[in-house]
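Examining the three-dimensional arrangement
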Amino acid sequence: MEDSVQQPVLLSSENVTQRFPMPNGNMVTVLDNISMDIRKAEIICLIGPSGCGKSTFLRILAGLMRPTSGKVFARGKEMTGLTPGVGMVFQMFALFPWMTVSENIQSVLVPLQLQREEVQHRVSTVIKMVGLEGFEEAYPREISGGMKQRVGIARGLAVQPELLFMDEPFSAVDALTAESLRTDLVDIWDEAEGQPASIVMVSHDIKEVVYMADRIVVFSANPGRIRTIVQNKLARPRDYRTPDFLAMVDYLHDIITTNELPDTPPAAVTTPSQPVFEPLPPVSSSDVVSFVEYLGSHGGQGDVFVLAHEFGKEFSDLINIVKAAEMLDFIDTPKRRTVLTPLGHRFADMGTEDQKVVWKQQILTLSIFKTIHAEVQASRNGSMLDDEVQDRLAELLPNENPEFTFATFINWARFGNLLAFDEDSDEVSLQ
Ligand SMILES: Nc1ncnc2c1ncn2[C@@H]1O[C@H](COP(=O)(O)OP(=O)(O)OP(=O)(O)O)[C@@H](O)[C@H]1O
């Protein structure tokens, strides 16, 4: 394909900002001033931590929702409704169970009001493209997950889109199936005459991104911003095992971990007189404990990406566990390595009761726990209603979803026997 910088811009966003109301009425900024172009004949992958707004951005680009502020332009024309020429493929296959493969594909063509022959032609063409010949009359329950996703891709292609938008399309299928779907999709894109001309895909998987993308847009979270855009000039067809491919994976790993696990934590550069309320990574205490124990029994250190694989977690989930363990001073993260601290080593070897004591001591080093614990202590009867705690969490961490923060806060506080939560009376109280 020609260098995409020479190619015309198909779609662009200008200062797109998205805010959502939270249950307590506060607004949270999910996307902050996102401006970028999508050019003809390129594959763009969006990658970044969970919740940084990638899916929201994709929906805004497709015209499925209007941003709070900012604009989307299709070939220079400002869009106020659905963006023309877009096909969508979602993570969950979203097939109609009562329809056959053919009927599922046909269903997306209904709004186009095409002639019967044209519908049949398009359905048989895309069925051939995605390799589903012979399964036209099968029902979703009769085919594998990989084949269901092929139907999903066929539906996206049947509308003959200029732009194909995919939201984690391969995350629900096994690794081998994902690999063959990616290869087939890149082949289809390479051979298709402008349908689709370009693909925009959300992904969590760095190897997938390096395999697929010409440009990799790395998002940061809270609020979602474009951290950097990486050009990927590896020649196609790409091979996951070549040194160039692996070097690109490493390069991207480094960019993402440097973003996600800064060597200087934000708390260290602020003035000590102001308490810093750090968001709680959405992970359970048991995940953090298991991870620290795992590191303890595997040499006390490891590469984050290797660990994600060994520990059986998505990279973005492992990053959250690592962040939590680092906040509690169980590990350090020089570059992409995670290394147990002396406290982490001791913690990994302790029995559960001793771990709970250390856990309590460590969460009380975090301003959020110190503050809420002191407020519960000072309250009448030594207890507060869950809504009151949630409201305080929302005030102290205005960019976070208070329900999720509350769930994590209570989970951590319970493990350390710092606070109890009674679901029947909705009371958070001292242990
Ligand atoms: N309609 C909505 N109302 C309120 N909050 C929303 C809405 N849609 C999304 N959010 C919030 O916006 C944030 C970004 O969501 P989004 O799904 O776009 O992130 P993402 O980067 O795609 O995450 P993931 O990788 O986990 O899928 C999340 O905190 C989510 O809870």
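All values reported here derive from a predicted model rather than from experimental measurement.

1. Considering the domain arrangement of the chain
- Assigned domains of the chain: these are domain 1 (4-257) and domain 2 (285-430).
- Relative to domain 2, the C-alpha centre of domain 1 lies at a distance of 35 Å.
- If you look at the interface, domain 1 gives 16 residues, while domain 2 gives 16 residues.
- At the boundary of domain 1 with domain 2, total buried surface from both sides reaches about 1400 Å², with 56% on carbon and sulfur atoms.
- Contact with domain 2 buries area across many residues of domain 1, yet Met22, His204 and Thr257 alone supply 29% of it, more than any other trio.
- Linking domain 1 with domain 2 are zero salt bridges, by the criterion used here.
- One can count one residue pair in polar contact (both at pLDDT 80 or more) joining domain 1 with domain 2.
- Elements with a contribution of two residues or more to the side of domain 1 that touches domain 2: strand S2 (27-39) and helix H7 (243-260).
- Looking at the side of domain 1 that touches domain 2, the element that brings in the most residues is H7, giving five residues.
- Here the residues of the side of domain 1 that touches domain 2 are counted per class, giving six nonpolar, eight polar and two charged.

2. What about the packing of aromatic side chains?
- Going through the model one piece at a time under the given rule, you end up with 13 aromatic pairs.
- Relative to Trp98, the ring of Phe96 lies with its centre 5.3 Å away and its plane at 35°, an arrangement referred to as tilted.
- Accessibility expressed as a relative area gives 31% for Phe96, which makes it partly exposed.
- With a relative accessible area of 58%, Trp98 lands in the exposed category.

3. Quick notes on the site of the ligand
- The full set close to the ligand counts 13 residues, and Ser50, Gly51, Lys54, Ser55 and Thr56 are the nearest of them.
- Here an oxygen atom of the ligand sits 2.6 Å away from a polar atom, N or O, in the side chain of Ser50.
- Between Gly51 and the ligand, the recorded distance is 2.8 Å, taken from a backbone N or O atom to an oxygen atom.
- Its free accessible area being 640 Å², the ligand has 63% of it covered by the protein chains.
- Sorting elements by how many residues they give to the shell around the ligand places helix H1 (residues 54-62) first, with four residues.
- Looking at the shell around the ligand residue by residue, the classes come out as four nonpolar, six polar and three charged.

4. Remarks on the packing of helix H8 (residues 285-296) against helix H11 (residues 342-349)
- The contact between H8 and H11 brings their axes to 8 Å, and the two run at 100°. On the basis of the axis angle, H8 is roughly perpendicular to H11. Of the residues in H11, those in contact with Val289, Val292, Glu293 and Gly296 of H8 are Gly344, Phe347 and Ala348.
- Grouping the amino acids of the contact of H8 with H11 by side-chain chemistry returns four nonpolar, two polar and one charged.

5. With respect to a negative patch on the surface
- Where like charges cluster on the molecular surface, the negative patch consists of Asp387, Glu388, Asp391, Asp422, Asp424, Asp426 and Glu427.
- Sorting elements by how many residues they give to the negative patch places helix H14 (residues 386-396) first, with three residues.
- Tracing the backbone through its elements, the reader meets Glu427 in strand S16 (residues 427-430).
- By relative accessible area, Glu427 is classed as partly exposed at 31%.

6. Focus: helix H5 (residues 175-191)
- Taking 1.5 Å per residue as the helical rise, H5 with its 17 residues ought to reach 24 Å, and the 24 Å between its terminal C-alpha atoms agrees with that figure.
- The elements touched by buried residues of H5 are strand S3 (43-47), helix H3 (116-129), helix H4 (145-158), strand S7 (163-167), strand S8 (198-202) and helix H6 (206-212).
- N-cap assignment for H5: the residue whose side-chain oxygen lies 3.2 Å from the backbone N of Leu176 is Asp174.

7. Some words on the nonpolar core
- Phe330, Trp359, Phe369 and Trp412 are the most contacted members of the largest nonpolar core, which has 102 residues in total.
- It is helix H10 (residues 315-327) that contributes the most residues to this core, eight residues altogether.
- Residue assignment places this core across two domains, with domain 1 (4-257) and domain 2 (285-430) each supplying three or more.
- Apart from residues no more than four positions distant in its own chain, Phe330 is found in contact with Val288, Val292, Ala325, Val339, Leu340, Thr341, Leu343, Gly344, Phe347, Val358, Trp359 and Gln362.
- Ile34, Ile38, Cys52 and Met65 belong to the second-largest nonpolar core, a separate cluster that totals 30 residues.

8. Side note on the sheet that holds strand S9 (residues 215-220)
- If you walk across this open sheet you meet the six strands as S6-S7-S8-S3-S9-S10, and the pairing is mixed. The open sheet has two free edges, formed respectively by strand S6 (86-89) and strand S10 (225-231), since each of these has just one partner strand. Adjacent strand axes in the sheet meet at a mean angle of 20° when their direction is disregarded.
- Its contacts with the sheet place H4 against S6 and S7, and it is angled at close to 170° to S6.
- Contacting S3, S7 and S8, H5 crosses the sheet at an angle of about 155° to S8.

Conventions we followed
Residues numbered from 1 in each chain as written. Predicted model: local features only at pLDDT ≥ 70, side-chain atom pairs only at ≥ 80, totals over all residues. Heavy atoms only, no water. Domains from an automatic or database assignment. Contact = heavy atoms within 4.5 Å. Buried area = accessible area lost by both parts, 1.4 Å probe. Salt bridge = Lys/Arg side-chain N within 4 Å of Asp/Glu carboxyl O. Polar contact = N/O pair within 3.5 Å; in protein donor to acceptor, adjacent residues only side chain to side chain. Helix = DSSP H or I, 4+ residues; strand = E, 2+ residues; numbered from the N terminus. Nonpolar A, V, L, I, M, F, W, Y, C, P; charged D, E, K, R; others polar. Phe/Tyr/Trp six-rings, centres within 6.5 Å; stacked < 30°, edge-to-face > 60°. Buried < 20%, exposed > 50% of the residue type's maximum accessible area, 1.4 Å probe, protein only. Near = heavy atom within 4 Å. Areas by Shrake-Rupley, 256 points an atom, 1.4 Å probe, with all protein chains shown as cover. Axes fitted to C-alpha atoms, helices over the stretch in contact; angles between N-to-C directions. Parallel < 35°, antiparallel > 145°, perpendicular 65-115°, else oblique. Patch = residues over 30% accessible without salt bridge, like charges linked within 9 Å, V, L, I, M, F, W, Y side chains within 5 Å. Lys, Arg positive; Asp, Glu negative; His and termini not counted. Charge placed at Lys NZ, Arg CZ, Asp CG, Glu CD. Expected span 1.5 Å × (residues − 1). Core = buried A, V, L, I, M, F, W, Y, C linked by side-chain atoms within 4.5 Å. Pairing = 2+ DSSP bridges.

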